[in-house]
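Each chain, written out:
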Amino acid sequence: MTQSPTDAPVPASEHADYLLQAVDLARRGVASGEGGPFGALVVRDGEVLGEGWNRVLGTNDPTAHAEVTAIRAACERLGSFQLTGAVVYASCEPCPMCLGAVYWARPTALYYAATRHDAAAAGFSDAMIYDEIGMPPDDRTVPFRQLEVPGGADVFAQWLAKDDRTDY
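Residues numbered from 1 in each chain as written. Predicted model: local features only at pLDDT ≥ 70, side-chain atom pairs only at ≥ 80, totals over all residues. Heavy atoms only, no water.

Trainee: Would you mind showing me how to read the overall build of the protein here?
Mentor: Check the secondary structure of the protein and you find seven helices and six strands. Ordered by position from N to C terminus, the α and β elements of the protein give β-β-α-β-β-α-α-β-α-β-α-α-α. If one aligns the C-alpha atoms of the protein with their principal axes, the spans along those axes are about 55 × 40 × 30 Å. Classification of the 168 residues of the protein by burial places 32% in the buried group. For the protein, the accessible area works out to roughly 10,400 Å², and carbon and sulfur atoms hold 57% of it. Charge centroids of the protein, computed over 12 positive and 23 negative side chains, lie 3 Å from each other. (Helix = DSSP H or I, 4+ residues; strand = E, 2+ residues; numbered from the N terminus. Buried < 20%, exposed > 50% of the residue type's maximum accessible area, 1.4 Å probe, protein only. Areas by Shrake-Rupley, 256 points an atom, 1.4 Å probe, with all protein chains shown as cover. Lys, Arg positive; Asp, Glu negative; His and termini not counted. Charge placed at Lys NZ, Arg CZ, Asp CG, Glu CD.)

Trainee: Would you mind showing me how to read the sheet that holds strand E4 (residues 47–53) here?
Mentor: Either a parallel or an antiparallel arrangement is found when strands of a sheet pair, and the pairing is made through backbone hydrogen bonds. With mixed pairing, the four strands of this open sheet are ordered in space as E4-E3-E5-E6. Here the strands that pair on one side only, and so sit at the sheet edges, are E4 and strand E6 (109–114). The average undirected angle you get between the axes of adjacent strands in this sheet is 15 degrees. Here six bridges tie strand E3 (residues 39–44) to E4, and the two strands are oriented antiparallel to one another. (Pairing = 2+ DSSP bridges. Axes fitted to C-alpha atoms, helices over the stretch in contact; angles between N-to-C directions.)

Trainee: Which parts of the structure should I look at to understand the packing of aromatic side chains?
Mentor: What characterises a pair of aromatic rings is the spacing of the ring centres plus the angle enclosed by the ring planes. Within the structure shown, the criterion is met by six aromatic pairs. Residues Phe81 and Tyr168 carry aromatic rings whose centres are separated by 5.5 Å and whose planes lie at 65 degrees to one another, so their mutual orientation is edge-to-face. Separated by 87 residues along the polypeptide, Phe81 in the loop between helix H3 (66–78) and strand E5 (87–92) and Tyr168 in the segment after helix H7 (154–161) bring together distant segments of the chain. Geometrically, the ring pair formed by Trp159 and Tyr168 is edge-to-face, given 6.4 Å between the ring centres and 80 degrees between the ring planes. Judged by its relative accessible area of 32%, Trp159 is partly exposed. An aromatic cluster is defined as three or more aromatic residues linked by ring pairs; in this entry it consists of Phe81, Trp104, Trp159 and Tyr168. Its guanidinium or amino end placed over the ring of Tyr130, Arg116 lies 4.1 Å from that ring's centre, counting from NZ or CZ. In this arrangement the basic side chain of Arg140 is found over the ring face of Phe144, its NZ or CZ atom lying 4.8 Å from the centre. (Phe/Tyr/Trp six-rings, centres within 6.5 Å; stacked < 30°, edge-to-face > 60°. Lys NZ or Arg CZ within 6 Å of the ring centre and 35° of its normal.)

Trainee: Looking at this model, I keep getting lost on the pairing of E6. Mind explaining?
Mentor: A regular strand places its side chains so that they alternate between the two faces of the sheet. Here five bridges tie E5 to E6, and the two strands are oriented parallel to one another. Looking across to E6, one finds that Cys92 is bridged to Ala114.

Trainee: Is there a simple way to think about a nonpolar patch on the surface in this case?
Mentor: Residues Phe81, Trp104, Trp159, Leu160 and Tyr168 make up a contiguous nonpolar surface patch of roughly 620 Å² in combined accessible area. For Tyr168, a relative accessible area of 59% puts it in the exposed group. (Patch = residues over 30% accessible without salt bridge, like charges linked within 9 Å, V, L, I, M, F, W, Y side chains within 5 Å. Salt bridge = Lys/Arg side-chain N within 4 Å of Asp/Glu carboxyl O.)

Pasting the structure below:
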C-alpha cells in the first residue's frame, strides 16, 4: 500500500489499474495515427480529471505529448494551474519537457509503466535532450544565446511590483 494525496492508503492494484488506462490511451493514440505510443491521465480522489495521448502528428504541435495534454485537460477542468492532491499516470517515463510540465503542475506523484529506455528502443530517445540540459548554452546543438536589450529584465520588476499577482 502507498499513501494517496489525502493520506488514505491506496492499494498498488489501484495504481496499476490507472497505469493500464494510460497504456490503453497510448494504444488509442497509435490507432488514431495522431502520434506516438504514449498515454497519460490525471487522477484525484478516484476521479479522472484529465486524460490524453500523444497528438504531435495530428496537431502539428511538438508539445502535444500525452502528459501535457492530460495536464492541460485536468487544469482546465479544475480551473487551476496546479494539480494539488492529484496523481499523474503515464504509460512511459516522461521526456524532459513533460517532466518540466509535471513539476510546474505540482501533482503529489507520478507513476509510469515503461521506461525512457523502452521508448528509446522504439525510436523515441530523449537522451540527447537530457544531455544538453546540463551543457553551457553556447555548446548546445541549438545554441541558446542571451542578447541583452533595454528593458529586457524590467518585466520582472513590473511583476514583483504587482500587488494582485498570483505567485506560482
